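# Per-entry structural report
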Amino acid sequence: MRRRLTEIFLVVVMLLSSVAVAHAETRNPVELTVVWHSGRLGDLLAEMGKEYTRQTGVVVRVELVPWAEWHDKIAADFASQGSGFDLVVFDSQSMTEFASQGHVLLLNPYLEKSTRIKATDYDPAALRMYAEYPETSGHFYALPINQDAMGLVYRKDLFEDPKEMAAFKTAYGYDLTVPRTYDQLKDLAEFFTRPGENLYGIAMYGSRDYDAVTSAFNNVLWSFGGELWNPQTRKAEGAINSPASVAALEYYKKLFDYGPPGATGWYYDEVNKAIHSGMVAMGINWYYFFGVHSDPKISKFAEKIGFAPLPGQTGGDGKFRQYNSLGGQGISVSKYSKYTDEAWNFLEWFMSKENQWTWVRGGGQTGRVDILSSTAYAGATPYNSIFPVSMSRVKDYWHLVEYAQLLESYQKYVHLAITGAMAPQEALDKVANEHQAILLNVRLQAPVTAQ
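Only a predicted model underlies this, so the values are computations on that prediction, with no experimental measurement involved.

Definitions and limits used
- All chains use their own residue numbering, which begins from 1 and follows the written sequence.
- Reporting in this predicted model follows two pLDDT cut-offs: at least 70 for local features of residues, and 80 or more for side-chain atom pairs to be given and counted; totals over whole chains, interfaces and linings ignore these cut-offs and use all residues.
- The basis for the side-chain values is all heavy atoms of the structure; hydrogens and waters are excluded.
- Here a polar contact is taken to be a pair of N or O atoms separated by no more than 3.5 Å, where protein atoms must pair a possible hydrogen donor with a possible acceptor and residues adjacent in sequence count only if both atoms sit in side chains.
- Segments assigned H or I by DSSP are reported as helices when at least four residues long, segments assigned E as strands when at least two residues long, and all are numbered from the N terminus.
- Under the pairing criterion, centres of Phe, Tyr and Trp rings, with the six-membered ring standing for Trp, must be within 6.5 Å; the plane angle then separates stacked pairs below 30 degrees from edge-to-face pairs above 60, leaving the rest tilted.
- Each residue gets one of three labels from its accessible area relative to the maximum for its type: buried under 20%, exposed over 50%, partly exposed in between, using a 1.4 Å probe on protein chains only.
- The rule is short: NZ of Lys or CZ of Arg within 6 Å of the ring centre and within 35 degrees of the ring normal puts a charge over the ring.
- Axis definition: a line fit to C-alpha positions, over the contact stretch in the case of helices; interaxial angles, taken between N-to-C directions, run 0 to 180 degrees.
- The labels follow the angle: roughly parallel below 35 degrees, roughly antiparallel above 145, roughly perpendicular from 65 to 115, and oblique for the rest.
- By convention the crossing between two helices is left-handed if the near helix lies anticlockwise of the far one by an angle smaller than a right angle, and right-handed if it lies clockwise.
- Pairs of residues are marked as contacts when any of their non-hydrogen atoms sit within 4.5 Å.
- Under this grouping Gly is polar, as are all residues other than the nonpolar Ala, Val, Leu, Ile, Met, Phe, Trp, Tyr, Cys and Pro and the charged Asp, Glu, Lys and Arg.
- Two strands pair if DSSP finds at least two bridges between them.
- Nonpolar cores were defined as sets of buried Ala, Val, Leu, Ile, Met, Phe, Trp, Tyr and Cys residues, with membership established by side-chain atoms within 4.5 Å.
- We count a salt bridge whenever a side-chain nitrogen from Lys or Arg sits within 4 Å of a carboxyl oxygen from Asp or Glu.

Each full turn of the α-helix corresponds to 3.6 residues, which orients residues three or four apart in the same direction. Between the side-chain oxygen at the start of helix 8 (residues 162-172) and the backbone nitrogen of K163 there is a gap of 2.8 Å, and the oxygen is on D161. Immediately downstream of helix 8, the backbone of G173 shows phi near 85°, a positive value.

In structure tokens, the structure reads:
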């Protein structure tokens with residue numbers, strides 16, 4: 001009898017414990033935190049997170065930080081091995097830094113077990129740019145959340161005005177059209193610069209914040225035949241300060257003569273406002289912002305805005321090149337998350353075809369091949385049909401652990417050049433010298449396996 005009572009007592013204790021655990025879980029549901037920079041896609045991700053919460057009970061909180069603080073906030077949390085973030089969105093060029101140090105999980109085992117998504121669902125180029133480390137290894141530490149490149153926006157009402165077209169042809173001897181070369185873009189910028197009418201030729205990035213001025217300059221650098229470095233010899237000397245690179249910086253500096261006053265300090269917010277107000281005939285910007293340029297709630301010129309890939313240029317060697325700066329991000333699972341499996345479950349849900357269509361309709365650029373290859377995708381926005389063209393021409397910064405050091409030096413001297421504080425040749429010689437010292441310490445990184 002005593003034994004029977006003991007057994008009953010243990011069963012009751014177990015039942016009460018189960019109820020207490022269930023009650024605790026009800027009161028304290030799993031909460032996942034995603035970190036990204038502030039902006040409309042971060043807001044969209046937060047809205048989709050609410051839908052995931054409705055379906056699963058798991059809370060998804062999206063922490064959006066200013067662009068200038070974004071990388072450092074992630075790096076600081078990783079350095080402390082903190083669990084402040086469960087899922088992390090960071091730029092493509094930071095993959096080497098974070099994956100090589102073991103801060104994010106290898107996703108191959110998760111993809112191999114998944115019944116909802118697989119690696120072959122994604123454009124191989126997108127995986128290579130946003131997910132893979134080391135290059136060509138087939139090891140994926142992220143999934144593409146937002147592909148991006150730089151492109152051109154322009155005032156169709158100006159470009160298609162018969163009077164403007166006739167005046168341009170008289171002045172320059174050829175038809176006013178969307179520029180195919182940077183020489184043509186400079187002519188157009190000059191033609192439309194009319195300070196007395198509060199109209200200027202072009203708006204673009206000049207700021208030293210984050211990677212602003214160099215991301216925009218790289219479009220010109222690569223198209224003129226310049227390079228950041230020689231990855232085979234690991235030398236910056238003779239590459240970043242080559243005659244082609246110097247010619248590119250002289251050209252980029254000159255373009256600011258056709259921009260609004262103070263544009264050498266501009267970043268995305270100022271460029272966006274200049275485009276939305278009709279102050280400029282053209283703007284160079286990330287596709288990330290193209291959605292707001294065509295939104296009549298934001299821009300009074302929305303119906304008059306056209307979109308095009310960036311032009312190219314024939315270099316001193318007689319070769320025509322047309323390159324774009326790579327932007328965009330992958331999304332990774334933090335190694336230090338307390339809920340790695342739950343974080344993967346959310347990522348798997350978010351990357352499903354159904355939810356990626358929600359993402360695309362909201363202005364995101366997916367990496368899924370089945371969506372990118374569809375006619376519905378091409379018609380989803382006024383610029384989706386040209387986006388793949390720009391993505392086919394992208395190049396990126398250095399994929400090195402020392403990226404942050406290299407960028408800081410590069411930003412400093414390019415900005416000094418465009419503001420006239422230093423001649424382009426001297427500025428790029430300084431970059432080459434400092435980069436060479438940094439690159440002497442570059443070491444090949446061994447693959448990191450899942451922890």
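Read on for the rest.
Here we come to the packing of aromatic side chains. Per the stated rule, a full pass over the model turns up 43 aromatic pairs. Between the aromatic rings of F307 and Y383, the centroid separation amounts to 5.4 Å while the plane-to-plane angle is 65°, which identifies the pairing as edge-to-face. In this pair, F307 sits in strand 7 (residues 305-309) while Y383 sits in the loop between helix 17 (375-378) and helix 18 (387-391), placing the two residues 76 residues apart along the sequence. Y383 carries the same exposure label as F307, and that label is buried. Three or more aromatic residues joined by ring pairs make a cluster, and in this case those are Y154, F159, F168, Y172, Y174, F191 and F192. Sitting over the ring of F191, R194 keeps its end group 5.0 Å from the ring centre.

With that settled, consider the packing of helix 2 (residues 40-56) against helix 14 (residues 340-350). The relative placement of two packed helices comes down to the angle between their axes together with the axis-to-axis distance. The geometry of helix 2 relative to helix 14 is characterised by a closest axis approach of 11 Å and an angle of 110° between their N-to-C directions. Of the possible angle classes, the one that applies to helix 2 and helix 14 is roughly perpendicular. Note on packing geometry: the crossing formed by helix 2 with helix 14 is right-handed. Residues L45, M48, G49, E51, Y52 and Q55 of helix 2 pack against E342, N345, F346, W349 and F350 of helix 14. Counted by class, the contact of helix 2 with helix 14 contains 6 nonpolar, 3 polar and 2 charged residues.

In this section: the side chain of S332. Of note, S332 is situated in strand 10 (residues 324-333). A distance of 2.7 Å separates a polar side-chain atom of S332 from the backbone oxygen of Y141. Look past the residues within four positions of S332 in its chain and what remains in contact with it is D86, L87, V88, F90, M95, V104, Y141 and A142.

The next point concerns unusual backbone geometry. A cis geometry characterises the amide bond from Y133 onward to P134, with omega recorded as -15°. Along the polypeptide, P134 turns up in the loop between helix 6 (124-130) and strand 4 (143-155). Even without a glycine there, the phi angle at T136 is positive, about 70°. By the element assignment, T136 lies in the loop between helix 6 and strand 4. Here N198, not a glycine, exhibits a phi torsion of approximately 55°, which is positive. If you trace the backbone, N198 turns up in the loop between helix 9 (182-191) and strand 5 (200-203).

Let us look at the pairing of strand 10. Taking burial as the measure, the 10 residues of strand 10 include 10 buried ones, the bulk of the element. Strand direction decides the pairing type here: strand 3 (residues 87-91) and strand 10, joined by 5 bridges, are antiparallel. Considered in strand 10, the bridge of V89 is made with I331. Alignment of strand 4 against strand 10, held across 6 bridges, turns out to be antiparallel. When the bridges of strand 10 are listed, Q147 appears paired with G328. Looking at chain direction, strand 10 and strand 11 (residues 394-395) are connected through 2 bridges and run parallel. Residue pairing for strand 11: N324 is matched across the bridge by V394.

L143, M282, W398 and Y410 are the most contacted members of the largest nonpolar core, which totals 145 residues. When sequence neighbours within four positions are dropped, the list of residues in contact with W398 reads Q93, L228, W229, Y403, L406, L407, Y410 and H435.

Okay, the environment of V280 next. Within the fold, V280 resides in strand 6 (residues 280-286). Its relative accessible area of 2% is what places V280 among the buried residues. On a C-alpha basis, the gap between V280 and T115 in space is 49 Å, while along the polypeptide they are 165 residues apart.

Glancing now at the packing of helix 8 against helix 9. In contact at an axis separation of 11 Å, helix 8 and helix 9 are set at 115° when each is read in the N-to-C sense. Judged by the twist between their axes, the crossing of helix 8 over helix 9 is right-handed. Taken together, the residues of helix 9 that come into contact with helix 8 (itself represented by E164, A167, F168 and Y172) are D187, L188, E190 and F191. Per-class residue counts for the contact of helix 8 with helix 9 are 5 nonpolar, no polar and 3 charged.

Further remarks concern the pattern of salt bridges. On inspection of all chains with the given rule, the structure shows 15 salt bridges. Between R61 and E63 there is a salt bridge whose closest N-O contact spans 3.8 Å. The exposure class of R61 is partly exposed, given its relative accessible area of 37%. Salt-bridge contacts for D175 lead to K169; the nearest nitrogen and oxygen are separated by 3.1 Å. The exposure class assigned to K169 is partly exposed, which follows from its relative accessible area of 44%. What you see here is one network of salt bridges that share partners, running through E31, R61, E63 and K73.

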